[in-house]
Amino acid sequence: MDRTFVMVKPDGYARGLVGRIVARFEEKGFKLTDAKVMHLSREHAERHYEHLSAKPFFGELVDFIVSGPVFAMIWEGKDAIKNARALIGATNPSEALVGTIRGDYALDVASNIIHGSDSEESAEREIKLFFH
Ligand code: YYY
Ligand code: MG
């Protein structure tokens, strides 16, 4: 069974969106196999986003992701990575379709409320980083 890593970011957690986001994944047909509230260290956040370290927004991204608790999850289901990304919507909420999580709950790319792994390699890496 395919698995993916999903995380409600500090803005989504602070806004009380965890329950609604979990419900969206359950309604789609995914099974939750692990989950926890965490407050990421800067080192953990930098490792999670290390592939973006050369980007101009990297510093702000790390500051944001350590700014408060997150809710980390592992979801299981057919084509989990692709189907979870479809449910999450485009990176920039301005481009995310209504009906997707970012399309319905976010306005700004810097606070787009949720993360989902984008490949099998990143799902494996992120599940290890957050759950081992
Ligand atoms: O996988 P996804 O979260 O959809 O996008 P990434 O390209 O991996 O970027 C990670 C994260 O960085 C994104 O969710 C918001 C932030 N970001 C940003 O603040 N400004 C950008 N122009 C692009 C991404
Ligand atoms: Mg990504």
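Throughout this description, residue numbers start from 1 for each chain and increase along the sequence as written. In the order they appear in the text, chains get letters beginning with A and ligands get numbers beginning with 1. Totals for whole chains, interfaces and linings use all residues, but because this is a predicted model, local features are given only for residues with pLDDT of at least 70 and pairs of side-chain atoms are given and counted only at 80 or more. Excluding hydrogens and water, the side-chain figures rest on all heavy atoms present in the structure.

Looking now at the packing of helix α2 (residues 18-28) against helix α5 (residues 80-88). Axes, fitted as lines to C-alpha atoms, cover a helix only where it is in contact. Angles between the N-to-C directions of the axes lie from 0 to 180 degrees. Each helix is a run of DSSP H or I of at least 4 residues and each strand a run of E of at least 2, with the numbering of both proceeding from the N terminus. Interhelical geometry of α2 versus α5 gives an angle of 130° and a closest axis separation of 11 Å. As judged from the angle between their axes, α2 and α5 are oblique. At the point where α2 passes α5, the crossing takes the right-handed sense. Counting all contacts with α2, which are made through Arg24, Phe25 and Lys28, the residues of α5 involved are Ala84, Leu87 and Ile88. Roughly parallel means an angle under 35 degrees; roughly antiparallel means over 145; roughly perpendicular covers 65 to 115; every other angle is labelled oblique. Should the near helix be turned anticlockwise from the far one by less than a right angle, the crossing is left-handed, and should it be turned clockwise, the crossing is right-handed. Between two residues, a contact is recorded if the distance between any of their heavy atoms is within 4.5 Å.

So, on to α5. For α5, the complete set of buried residues consists of Ala80, Ile81, Ala84, Leu87 and Ile88. The buried side chains of α5 occupy one side of the element, clustering within an arc of 130° when seen end-on. Away from its buried face, by an angle of more than 90 degrees, α5 presents the exposed residues Lys82 and Ala86. Contacts from the buried residues of α5 go to β1 (3-8), α2, β3 (70-76), α6 (101-105), β4 (114-116) and α7 (120-131). Of the residues one or two after α5, Gly89 is the one with positive phi, at around 95°. The rule is simple: take the accessible area with a 1.4 Å probe, protein chains only, and divide by the maximum for that residue type; under 20% is buried, over 50% is exposed, in between is partly exposed. Within this analysis, the arc is defined by the directions that extend from the helix axis to the C-beta atoms.

This next bit is on the site of ligand 1. Neighbouring ligand 1 are Lys9, Tyr49, Leu52, Phe57, Leu61, Arg85, Thr91, Arg102, Val109, Ala110 and Asn112. Polar contacts here mean pairs of N or O atoms no more than 3.5 Å apart (in protein, one a potential hydrogen donor and the other a potential acceptor; neighbouring residues in sequence count only if both atoms are side-chain atoms). Within the side chain of Lys9, a nitrogen or oxygen atom sits 2.9 Å from an oxygen atom of ligand 1. Between ligand 1 and Asn112, the relevant distance is 2.9 Å, taken from an oxygen atom to a side-chain nitrogen or oxygen of the residue. In this description, accessible areas are obtained by the Shrake-Rupley approach with a 1.4 Å probe, and a residue is regarded as covered only by the protein chains that are shown. For ligand 1, whose unbound accessible area comes to 500 Å², protein coverage reaches 77%. Under the grouping applied here, Gly and all other residues not named as nonpolar or charged are polar, the nonpolar ones being Ala, Val, Leu, Ile, Met, Phe, Trp, Tyr, Cys and Pro and the charged ones Asp, Glu, Lys and Arg. Split by residue class, the shell around ligand 1 holds 6 nonpolar, 2 polar and 3 charged. The near set for a molecule or strand comprises every residue that places at least one heavy atom within 4 Å of it.

This part covers the UniProt feature "active site" (unreviewed entry) in the protein. UniProt records the feature "active site" (unreviewed entry) for His115 in the present numbering. By secondary structure assignment, the location of His115 is in strand β4. Owing to a relative accessible area of 9%, His115 belongs among the buried residues under this scheme. Not counting the four nearest positions on each side in its chain, His115 is found in contact with Phe5, Val6, Met7, Lys9, His48, Tyr49, Ile88, Arg102 and Glu126. UniProt positions are given in the numbering used here, feature names are shortened, and annotations may be inferred rather than shown by experiment.

Glancing now at the packing of aromatic side chains. Any aromatic ring pair is given by two values, namely how distant the centres are and how the planes are angled relative to each other. Each Phe, Tyr or Trp ring (for Trp, its six-membered ring) is paired with any other whose centre lies within 6.5 Å, and the angle between the two planes then decides the class: stacked below 30 degrees, edge-to-face above 60, tilted in between. One pass over the full model with this rule turns up 5 aromatic pairs. With centroids separated by 5.5 Å and ring planes inclined at 40°, the aromatic side chains of Phe25 and Phe30 adopt a geometry described as tilted. Of the aromatic side chains, those joined through ring pairs into one cluster are Phe5, Phe130 and Phe131.

This part covers the pattern of salt bridges. For this document, the term salt bridge refers to a Lys or Arg side-chain nitrogen within 4 Å of an Asp or Glu carboxyl oxygen. By the definition in use, this model includes 4 salt bridges. Across the pair Arg42 and Asp63 runs a salt bridge whose closest N-O atoms are separated by 3.0 Å. Pair noted here: Arg42 is in helix α3 (residues 42-48) and Asp63 is in helix α4 (residues 58-65), with a separation of 21 residues, a long-range link. The exposure class assigned to Asp63 is partly exposed, which follows from its relative accessible area of 40%. Where Asp79 meets Lys78, a salt bridge forms, and the shortest distance between an N and an O atom there is 3.7 Å. Its relative accessible area of 35% is what places Asp79 among the partly exposed residues.

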